[in-house]
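Architecture and fold: a report
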Amino acid sequence: MSKITRREFIKDASLAAGGLLAGSGAAALYSRNPVSTNVLKPNNRLTQTATNESVCTGCETCELVCSVFHDGAVGPNLRRIWLNKNEDSLTYQVLTCLQCDYPSCYFACPQRDKALCIEGGSGIRYINSNECTQGCKECVKACTLEPPRISFDPEQQIVRMCDMCRNRPAGPACIEFCPAQCLKMEER
Amino acid sequence: MSELYGWAGNILDIDLGSGRISKIATEKYAFEYIGGKGLMHCLAWEHIPKGTSAFSPDNCLMLSTGPLTGTPAPTSGRMEVGGVSPQSIPEMYSHSGIGGWFGPKLKYSGFDAVIIRGAAPSPCYVCITDGNAEIRDARYLWGLGTYATQHELKRIHGKDSCNLVIGPAGEKKSRIAIMLTDSGNAAGQGGFGGVAGSKNLKAISVKGSGSIRIARPVELLQRRSDIARIPAKNPLTQYEDLEYFGQTLKNIPWPRFKLSCSQSCDRYCMPALLNVPRSTRGGFHCSDFACIGKLAAGWQQSDDHGEEPGVEWPLWSHNIERGLEVIELTNDLGLNQYEILGGMVPWLVMCAHEGLFSASETGLIIEPEKPEWWVKLLNQIAYRQDFGDLLAEGTSRAINTLGKEKFGETIYTGIRRYKGVDRPTPVSLQQAWGYAAHYSGRGINASLPYPDWLLRALTWMTQTRDSNNDTHHRSKADDLEKFKKDPYKSDIGPKMAIWDEHRSEIKCSLTLCDWAFPIVHFSSAESKFLSAVTGRDTSEEELDFIGERLKNLQRAVLIRNHDRSREQEVNEILPFFKRPDGTTGSIIDEGGFSLMVDNYYKQRGWDTITGWPTRTKYEQLGLGHVADEMARLGLLPN
């Protein structure tokens, strides 16, 4: 089965399951039932202040402060947000998890709700690295975005993705420290 | 991952001649010499013997990062490049800072620094990946411009590789050749592109997936918050039309105007222009104007310049498209933009104005108004064609070869305007050590008045190159006022210069940007960043002490390898400052400057006759081993 077909399959299956639940009158806002796709939608997601990528100045401060906050270190394998850089056109695009309404990564995770979880209340999709121990990369493969917004760390055999700095009282570090203010929290 | 916080842990040592590749532990140097420039002083002391010429295989081409490189410390994406410089006159150990992302990538690949010695038998490049390095064939890259070379290396090693490369100018061993990475980050001054070319080294490609540990991450982020500028709150509405040098650019789809030139930059001061149509070649310009690059766009005084002496001469008028062409071509060919724009072309224009050049002699008709003329000139220099062969040696050497008397740099008398008064002033463009004038009251941008330029005279004096790359002076306003009351005799002038020199050593060792540090009202910022990253509490005073150690170690290299003395450096500095400055026509008082130098040496603990550090000074700074070697060579003052 090709990658695209697999993704489409998951997406279609998710929509079908959601429709089924809705049709049966299940208006649950939040469920941890592993077969349910009626997951809590995220309240917010990180986006750029403009879809035109040229607002970003390319400094990579977002990537650095993110990994320092989460891991106490810096390095490409630690990234949860990064830039697609075009050095010829001097344009930069910020790449990070978009907190999908129907998170295919979540459904693909063999340790769903342990390793890849959804936070009650906020709906934030996040990785619990203590439980992400198999190095299976199923979530990376399932990500419908290109490139996938989940990083695999071959050294520690775990994955990382943006968790909106859910444990940081001041909110996402990347937004706070972006010198160009090209990142924002978008309400869903 | 390195056990050290802040450092990658190893220095890569490559001999291109024998193919030997080995590693040196960084820990041996880390805490006493930090990294960057300081580490290079150490490596130069240990590995570059006296008598090493710039293009000799014995010369070491060094790349060096610091403990802050690649961290969120603001502007810390920098790196230092060094070795014996072919641009300096005479050839001397020197250095050049470079921004961009190469330094961080080098650390993520497991190395704090690289020493490259020997010369390869045929064109090669060095490929560094996650703790390993190999020397690869680069014959198919030889001849390519810097941009094409980077494209090819990214095709081979992936988009996430980062490449430091030379262009045709470096291959031809031009003394004004650069090493470039990304669109416009270069080790510009010093001619280190020529050093790489002499080693048959086309490029260094790095790719790393490792990480650097931060000892106190929460504290580091707090320190960044403490000093970071208030961000622009609405980046979408700031620049609807782009007004630049009196021209309005309306043909840019998105009027973005700013660019970071270094990882972790918090100020993005580089103006960038995108998608400006080209007239000389096909396609569009996408380029950034660095501080000197904007002069390519125009030199004549315009309303938005006010009275800024140094930009009012009729050298060439404003033309943004020409400026972009010059910037891109100097980068692509691998030529030193500052040297071309701050020294060489103004000199050519002045020579032409005075009728010194005839086309039959040089093959050059000086037509700086035409973008295509610049294309021809830059190609001639890069490929050493015709008159360009001489210009590839740099302006100072070209003048020396042609004859200072006839072609000297004060041949042209321009009109300097200051406070409403126009004053005919002989224009001098060459400052010292083979480098073009730089914000020292003369040459381009002559706006610095007396006695402020006296401090530049001091800092240029003890260097081997244009010192303003990392020592744009910063002083407390009170100190400056005290200095102005008695410039030549007061203690405060040398004291300010010494403080700036120590901070210059520090910022280039950590590594941080000269445009951002030191911060006069928050002078402990560097020590706080270092403490948070490494976990070793280092006070501002302790860091200044290390700065002094580094300055003295560099001094020892210059004395041992290049016969540096008071006589040599004072004589080098005086001629430029004996010429009238651009504001009031002031010149340096030779006797007064001698007193100032006495004072400076005394405050440094250097002998006032020779200019050499004493044994006591070396030992006080933990450089006893250096003192022993200098004693053995008879290079300690009596």
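Residues numbered from 1 in each chain as written. Chains lettered and ligands numbered in written order. Predicted model: local features only at pLDDT ≥ 70, side-chain atom pairs only at ≥ 80, totals over all residues. Heavy atoms only, no water.

**Here we look at unusual backbone geometry**
Residues and elements named next belong to chain B.
- Between Tyr450 and Pro451 the backbone carries a cis peptide bond, its omega angle lying at 5°.
- In this fold, Pro451 is placed in the loop between β22 (435–436) and α15 (452–461).
- Cis peptide bonds are those with omega within 30 degrees of zero, and the linkage from Leu510 to Thr511 qualifies with 5°.
- Even without a glycine there, the phi angle at Arg384 is positive, about 55°.
- Mapped onto the elements of the fold, Arg384 is located in the loop between α11 (371–382) and α12 (388–391).
- Phi is positive for Tyr439, close to 45°, though the residue is something other than glycine.
- Locating Tyr439 in the fold gives a position in the loop between β22 and α15. (Helix = DSSP H or I, 4+ residues; strand = E, 2+ residues; numbered from the N terminus.)

**Considering the domain arrangement of chain A**
Residues and elements named next belong to chain A.
- Looking at chain A, the domain boundaries give domain 1 (1–96 + 164–188) and domain 2 (99–161).
- Taken together, the 31 residues of domain 1 in the interface contact 37 residues of domain 2.
- Taking both sides of the interface into account, the surface hidden between domain 1 and domain 2 amounts to around 3000 Å²; carbon and sulfur atoms contribute 53%.
- Here domain 1 is connected to domain 2 by 2 salt bridges.
- Of the charged contacts, one joins Glu119 and Arg166 as a salt bridge, the two residues approaching to 2.8 Å between their closest N and O atoms.
- At the boundary of domain 1 and domain 2, one finds 8 residue pairs in polar contact (both at pLDDT 80 or more).
- A per-element tally of the side of domain 1 that touches domain 2 places helix α1 (residues 3–23) first, with 6 residues. (Domains from an automatic or database assignment. Contact = heavy atoms within 4.5 Å. Buried area = accessible area lost by both parts, 1.4 Å probe. Salt bridge = Lys/Arg side-chain N within 4 Å of Asp/Glu carboxyl O. Polar contact = N/O pair within 3.5 Å; in protein donor to acceptor, adjacent residues only side chain to side chain.)

**Concerning helix α21 (residues 590–604) of chain B**
Residue and element names in this part refer to chain B.
- Look at α21: 21 Å from first C-alpha to last across 15 residues, which is about the 21 Å you get at 1.5 Å a residue.
- Those residues of α21 that fall on the buried side of the exposure criterion are Gly592, Phe593, Met596, Val597, Asn599, Tyr600, Tyr601 and Arg604.
- Among the structural elements, α15, α16 (477–485), α17 (492–510), α19 (540–562), α20 (566–577) and α22 (615–620) are those in contact with the buried residues of α21.
- After α21 finishes, the residue Gly605 shows a positive phi value of roughly 80°. (Expected span 1.5 Å × (residues − 1). Buried < 20%, exposed > 50% of the residue type's maximum accessible area, 1.4 Å probe, protein only.)

**Thoughts on the confidence of the model for chain A**
- Predicted confidence across chain A gives a mean pLDDT of 80, with 77% of residues reaching 70 or more.
- Scored below 50 in pLDDT, residues 1–36 of chain A makes 41 contacts in the model with residues more than four places away or belonging to other chains. (pLDDT = per-residue confidence, 0-100.)

**Some words on the side chain of Glu526 of chain B**
- Relative to the elements of secondary structure, Glu526 of chain B occurs in helix α18 (residues 525–534).
- Other than its neighbours up to four places away in sequence, Glu526 of chain B contacts Arg503, Ile506, Leu510, Leu512, Phe517, Pro518 and Leu543 of chain B.

**Remarks on a positive patch on the surface**
- On the surface, Lys476, Lys482, Lys485 and Lys495 of chain B cluster together to form a positively charged patch.
- With respect to the secondary-structure elements, Lys495 of chain B resides in helix α17. (Patch = residues over 30% accessible without salt bridge, like charges linked within 9 Å, V, L, I, M, F, W, Y side chains within 5 Å. Areas by Shrake-Rupley, 256 points an atom, 1.4 Å probe, with all protein chains shown as cover. Lys, Arg positive; Asp, Glu negative; His and termini not counted. Charge placed at Lys NZ, Arg CZ, Asp CG, Glu CD.)

**As for the packing of aromatic side chains**
All names here are of chain B.
- Counting across every chain of the model gives 14 aromatic pairs over all chains.
- Ring plane angle 90° and centroid distance 5.8 Å describe the contact between Trp347 and Phe357, whose orientation is recorded as edge-to-face. With Trp347 in helix α9 (residues 337–353) and Phe357 in the loop between α9 and α10 (359–362), the pair connects residues that are 10 residues apart, well separated along the chain.
- Given a relative accessible area of 1%, Trp347 falls into the buried group.
- Among the residues examined, Phe357 registers a relative accessible area of 12% and is labelled buried.
- With centroids separated by 5.1 Å and ring planes inclined at 90°, the aromatic side chains of Phe576 and Phe577 adopt a geometry described as edge-to-face. Across the pair, Phe577 and Phe576 agree in class, each one buried.
- What links up through ring pairs into an aromatic cluster is the set Tyr450, Trp453, Tyr488, Phe576 and Phe577. (Phe/Tyr/Trp six-rings, centres within 6.5 Å; stacked < 30°, edge-to-face > 60°.)

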